[in-house]
Amino acid sequence: MLNDFKILMVGGRTELLSKLNEYGWTNVEQVDRSNLCTGVDVARYADFCVVNTRFISHTLAKKVDAVTDSERRMSYNGTNPEKLIMSLYDFVQKYFTKIIENLYCEKRAVSLE
């Protein structure tokens, strides 16, 4: 399911990306200080953004915050790839559950009028 979305990982250790690839999670790009300029452009087109709060500069965090939607941005503090995958899976599920609930409420409100 997660490979259906373009994920941007901001910060974090560079070996985390290769570990995620070992798990088959291939639709992930990582942004750090070395690719800050292109990373901010990529952030605009990512479906979801994971900010690794343990390994990130304040400058990078602020730039990514400015171009991403807070509802599609998740914070993660760690280096464990399995926990990251599970956390993002839960985050994405909650995001879409919230959207469905909002659509249901809107539809119900219209039908009551």
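These numbers were taken from a predicted model, which means no experiment stands behind them.

(A) Looking closely at the pattern of salt bridges. According to the stated counting rule, one finds three salt bridges in the structure shown. Across the pair Lys6 and Glu29 runs a salt bridge whose closest N-O atoms are separated by 3.7 Å. Taken together, the positions of Lys6 in the segment before strand E1 (7–10) and Glu29 in strand E2 (residues 28–31) put the pair 23 residues apart, joining distant regions of the chain. Lys6 sits in the partly exposed class, given a relative accessible area of 28%. Its salt-bridge partner being Arg73, residue Asp65 comes within 3.1 Å of it at the nearest N-O pair. The class for Asp65 is partly exposed, based on a relative accessible area of 40%.

(B) Layout of the sheet that holds strand E4 (residues 73–76). Across the sheet, four strands lie side by side as E2-E1-E3-E4; this open sheet has parallel pairing. A single partner strand is all that each edge strand has here, and the edge strands are E2 and E4. Strand-to-strand twist in this sheet, taken as the mean axis angle between neighbours without regard to direction, amounts to 25 degrees. Two elements, strand E3 (residues 48–52) and E4, share four bridges in a ladder whose sense is parallel. By the bridge assignment, Asn52 is partnered in E4 with Tyr76.

(C) Local environment of helix H1 (residues 14–22). Within H1 the residues assigned to the buried category are Leu16, Leu17 and Leu20. End-on view of H1: buried residues confined to an arc of 105 degrees, all on one side of the axis. Along H1, the residues that are exposed and aim more than 90 degrees away from the buried face are Thr14 and Glu22. At the exit of H1 stands Gly24, carrying a positive phi of roughly 90 degrees.

(D) Quick look at the nonpolar core. The biggest cluster of nonpolar side chains holds 17 residues, and the ones touching the most others in it are Ile7, Met9, Trp25, Val50, Leu84 and Leu88. For this core, the secondary structure elements donating two or more residues are E1, H1, E3, E4 and helix H4 (81–112). Broken down by element, this core gets its largest block of residues, four residues, from H4. Not counting the four nearest positions on each side in its chain, Met9 is found in contact with Leu16, Leu17, Leu20, Val28, Glu29, Gln30, Val31, Val50 and Leu84. If you look at the next biggest cluster of nonpolar residues, it comprises ten residues, including Val31, Ala43, Val51 and Leu60.

Cut-off values and rules
- Residues numbered from 1 in each chain as written.
- Predicted model: local features only at pLDDT ≥ 70, side-chain atom pairs only at ≥ 80, totals over all residues.
- Heavy atoms only, no water.
- Salt bridge = Lys/Arg side-chain N within 4 Å of Asp/Glu carboxyl O.
- Helix = DSSP H or I, 4+ residues; strand = E, 2+ residues; numbered from the N terminus.
- Buried < 20%, exposed > 50% of the residue type's maximum accessible area, 1.4 Å probe, protein only.
- Pairing = 2+ DSSP bridges.
- Axes fitted to C-alpha atoms, helices over the stretch in contact; angles between N-to-C directions.
- Arc of directions from axis to C-beta.
- Core = buried A, V, L, I, M, F, W, Y, C linked by side-chain atoms within 4.5 Å.
- Contact = heavy atoms within 4.5 Å.

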